[in-house]
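Notes for the structure review
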Amino acid sequence: FRRLIHVRRSAVELQLMFTFPFTMMSSADGAYVPAGAVWLDGTNDYFTRTFGSGGNVDKWTYSVWLKYNDPNGDALRVWSINGGSTNAFADFRDSTTIINWYAVEVSGAWKSLRTTGYYGRDPSAWQNLVLVYDTGNSTEGDRLRIYQNGTRITAFGTANYPAQNQDGQINGAILHRLFTDNSSNYRFKGYVADVVFLDNVATTDCSEFGEIDDDTGIWVPKNPSDISSFGTTGFWLDFSNGSDIGNDASGNNNDFTPSSMDADNIVVD
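Residues numbered from 1 in each chain as written. Predicted model: local features only at pLDDT ≥ 70, side-chain atom pairs only at ≥ 80, totals over all residues. Heavy atoms only, no water.

Glancing now at the confidence of the model for the chain. Per-residue pLDDT for the chain averages 83, and the proportion of residues at 70 or more is 81%. Predicted confidence in the chain is weakest over helix H1 (residues 2-19), with a mean pLDDT of 34, and strongest over strand S16 (residues 235-237), with 97. (pLDDT = per-residue confidence, 0-100. Helix = DSSP H or I, 4+ residues; strand = E, 2+ residues; numbered from the N terminus.)

What follows is the structure, given as structure tokens:
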């Protein structure tokens, strides 16, 4: 009988983990709930911004909460730049949902990570993806880091790390795109919330973006307003205003321009 009760509790916990919106992800009183999420249709919806004079191209952190809604898609982009010989991107690749991060192109060769594990296959599940570019790090294997729900991913089918202090293209003075490539082939389909970029910061534990809920053991979001510094080019897209979807809530005014979106794209989930 006790074993049966335990199994039933585990099933409920799994359901809470994978099917409920942000408002049900933590039972703690006063727990942070993102102001909103944006629905991207995989066809026309994305964001763009050119970073003026740019920021630190050797050190940055990118975090996004997302619900991947197209497990049979080709490749769904979460971050990219494309301009002549300057390229970099990260995506969920093919129907396997492997995370593919092409971080920097050096003399025609990519420095990249490709996971062996699969991520995002459950279309009802939120997850937190964090990319860290840290080429000033003296440890080669720490210069590119990927975290999923607060846990660092260490199993890769491909792992080519950049040289120490290798400049990247992300965070430079060039057009940046969120959730698309420079074509319409790889546009993200699903929900996105709390998109945060930290210039000149290389996180080591993702505690800026989430924490383990004591009651459920689930990685839940933290309020980005508590982040001490976003850096010069840093931003926080909180999707709290349907009339200004690309607004930067960090205080830096690094707003993004939305494409083919209006207030109807903002959702409670």
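As a further point, take the side chain of glutamine 127. Turning to its location among the elements, glutamine 127 is positioned in strand S8 (residues 127-134). Of note is the side chain of glutamine 127, whose polar atom sits 3.0 Å from the side chain of glutamine 148. (Polar contact = N/O pair within 3.5 Å; in protein donor to acceptor, adjacent residues only side chain to side chain.)

We now examine unusual backbone geometry. A positive phi is found at asparagine 165, a non-glycine position, where the angle reads about 65°. By the element assignment, asparagine 165 lies in the loop between strand S11 (156-159) and strand S12 (175-178). Its relative accessible area of 47% is what places asparagine 165 among the partly exposed residues. For cysteine 206, which is not glycine, the phi dihedral falls at a positive 65°. By secondary structure assignment, the location of cysteine 206 is in the loop between strand S13 (189-199) and strand S14 (210-212). Taking relative accessible area as the criterion, cysteine 206 reaches 0% and is therefore assigned buried. (Buried < 20%, exposed > 50% of the residue type's maximum accessible area, 1.4 Å probe, protein only.)

With respect to the element layout, serine 259 can be found in strand S17 (residues 257-259). In this structure serine 259 comes out as buried when scored by relative accessible area, which is 19%. For serine 259, the residues in contact, after removing those within four places along its chain, are Asn44, Asp45 and Tyr46. (Contact = heavy atoms within 4.5 Å.)

Here we come to the pattern of salt bridges. Summed over the entire model, instances satisfying the criterion amount to four salt bridges. Where arginine 77 meets aspartate 181, a salt bridge forms, and the shortest distance between an N and an O atom there is 2.6 Å. Taken as a pair, arginine 77 in strand S4 (residues 75-83) and aspartate 181 in the loop between S12 and S13 lie far apart in primary sequence, 104 residues in all. Both residues of the pair, arginine 77 and aspartate 181, count as buried. The salt bridge partner of aspartate 134 is arginine 145, with a shortest N-O separation of 3.2 Å. Of this pair, aspartate 134 sits in strand S8 while arginine 145 sits in strand S9 (residues 144-148), and the two are eleven residues apart along the sequence. (Salt bridge = Lys/Arg side-chain N within 4 Å of Asp/Glu carboxyl O.)

Our next topic: the packing of aromatic side chains. Here the structure, examined in full by the defined rule, presents 15 aromatic pairs. Both rings, one in phenylalanine 47 and one in phenylalanine 179, keep their centres 6.4 Å apart while their planes meet at 75°; by these two values the pair is edge-to-face. With a gap of 132 residues between them, phenylalanine 47 in strand S2 (residues 46-50) and phenylalanine 179 in the loop between S12 and S13 connect regions that are remote in the sequence. Residue phenylalanine 47 is classed as buried on the basis of its relative accessible area, which comes to 0%. Of the aromatic side chains, those joined through ring pairs into one cluster are Phe51, Trp60, Trp101, Tyr133, Phe197, Phe235 and Phe256. Across from the ring centre of phenylalanine 89, 3.9 Å away, lies the NZ or CZ of arginine 77, which sits over that ring. (Phe/Tyr/Trp six-rings, centres within 6.5 Å; stacked < 30°, edge-to-face > 60°. Lys NZ or Arg CZ within 6 Å of the ring centre and 35° of its normal.)

Our focus in this paragraph is the nonpolar core. Grouped together as the largest cluster of nonpolar side chains are 43 residues, with contacts concentrated most on Tyr62, Trp79, Trp101, Leu178, Phe179, Val192 and Val195. Ranked by residues supplied to this core, first place goes to strand S3 (residues 59-68) with five residues. Beyond its immediate sequence surroundings of up to four residues, leucine 178 is in contact with Tyr46, Phe47, Tyr62, Val78, Trp79, Val195, Phe235, Leu237 and Phe256. Trp65, Val196, Leu198 and Cys206 belong to the second-largest nonpolar core, a separate cluster that totals 16 residues. (Core = buried A, V, L, I, M, F, W, Y, C linked by side-chain atoms within 4.5 Å.)

In this section: the pairing of S2. When S2 meets S17, the two strands line up antiparallel, connected through three bridges. Bridge pairing in S17 places tyrosine 46 opposite serine 259. Judged from the four bridges that link them, S2 and S12 form a sheet pairing that is antiparallel. Considered in S12, the bridge of threonine 48 is made with arginine 177. (Pairing = 2+ DSSP bridges.)

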